[in-house]
Amino acid sequence: MGKLTVRALRAVLAVVLAGTVGVQVLMVWALATDPEDGSLPLTPLRVATMLGMGAAQVAVVCVWRLVTMVRRGTVFSHAAFRYVDGVIGSIVAAALVWFAVTAINAPGQREDPGVTVIMAGVGVAILGVALIVLVLRMLLAQAVARDVEASRMRAELDEVI
């Protein structure tokens, strides 16, 4: 992975992390100062927003750590699984938060239930992303196993020579 790619990805991750922290701060401020007007259940939506931002932050930190491991050449190790699992967990958590938002929003969509169906479809798509990352985790597991086997074979060959 090139230095430019790593720097660009880290810049994007830093912006996302700063943005999510900013949104969380605004939601806390809104919870403390802005009363609900009754049209929407604002408090649960604000709490869901903060939880969703927290899930995004976990994913950003895990991806940052994985990029560091790639840069050092240590990504094909068992230590990488913890971060990949963190990404999968944060995506699943984000999907659950999205389903909660869908449920909170559903009563207001009685005349147009299509919005709720679309929102539920988005939640399923988010879970699909988690499944894709799970498949990538399985590929990482295969790569780690092959790397361990190659190291073992190299050690055996060194003993023979």
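What comes next is a walk through the structure.

Quick notes on the rules
- Residues numbered from 1 in each chain as written.
- Predicted model: local features only at pLDDT ≥ 70, side-chain atom pairs only at ≥ 80, totals over all residues.
- Heavy atoms only, no water.
- Core = buried A, V, L, I, M, F, W, Y, C linked by side-chain atoms within 4.5 Å.
- Buried < 20%, exposed > 50% of the residue type's maximum accessible area, 1.4 Å probe, protein only.
- Helix = DSSP H or I, 4+ residues; strand = E, 2+ residues; numbered from the N terminus.
- Contact = heavy atoms within 4.5 Å.
- Patch = residues over 30% accessible without salt bridge, like charges linked within 9 Å, V, L, I, M, F, W, Y side chains within 5 Å.
- Areas by Shrake-Rupley, 256 points an atom, 1.4 Å probe, with all protein chains shown as cover.
- Salt bridge = Lys/Arg side-chain N within 4 Å of Asp/Glu carboxyl O.
- Expected span 1.5 Å × (residues − 1).
- Axes fitted to C-alpha atoms, helices over the stretch in contact; angles between N-to-C directions.
- Parallel < 35°, antiparallel > 145°, perpendicular 65-115°, else oblique.
- Nonpolar A, V, L, I, M, F, W, Y, C, P; charged D, E, K, R; others polar.

## Details of the nonpolar core
Here is step 1: Counting 15 residues, the largest nonpolar core has Leu66, Met69, Ala80, Val84, Val133 and Leu140 as the members making the most contacts within it.
Here is step 2: Elements with a minimum of two residues in this core: α2 (42-72), α3 (79-105) and α4 (114-160).
Here is step 3: In terms of residue count, α3 provides more of this core than any other element does, 7 residues in total.
Here is step 4: Sequence-distant contacts of Met69, that is, excluding residues within four places in its chain, are made with Thr74, Val75, Ser77, Ala79, Ala80 and Tyr83.

## Description of a nonpolar patch on the surface
Here is step 1: On the surface, Leu17, Val21, Val25 and Val61 cluster together into a nonpolar patch covering about 300 Å² of accessible area.
Here is step 2: Considering the arrangement of structural elements, one finds Val25 in helix α1 (residues 3-33).

## Topic: the side chain of Gln24
Here is step 1: Note that Gln24 resides in helix α1.
Here is step 2: Filtering out sequence-adjacent residues up to four positions away, Gln24 remains in contact with Met50, Met53, Gly54 and Gln57.

## A word on α2
Here is step 1: Relative to the 45 Å expected for 31 residues at 1.5 Å per residue, α2 spans 45 Å between its end C-alpha atoms, a close match to the ideal helical length.
Here is step 2: Backbone geometry just after α2 places Gly73 at a positive phi near 80°.

## Concerning the packing of α3 against α4
Here is step 1: Packing of α3 against α4 brings their axes to within 9 Å, and their N-to-C directions diverge by 170°. What the angle tells us is that α3 and α4 run roughly antiparallel.
Here is step 2: Classifying every residue of the contact of α3 with α4 by side-chain character gives 25 nonpolar, 4 polar and 2 charged.

Scope: geometric values only; no functional claims are made or implied.
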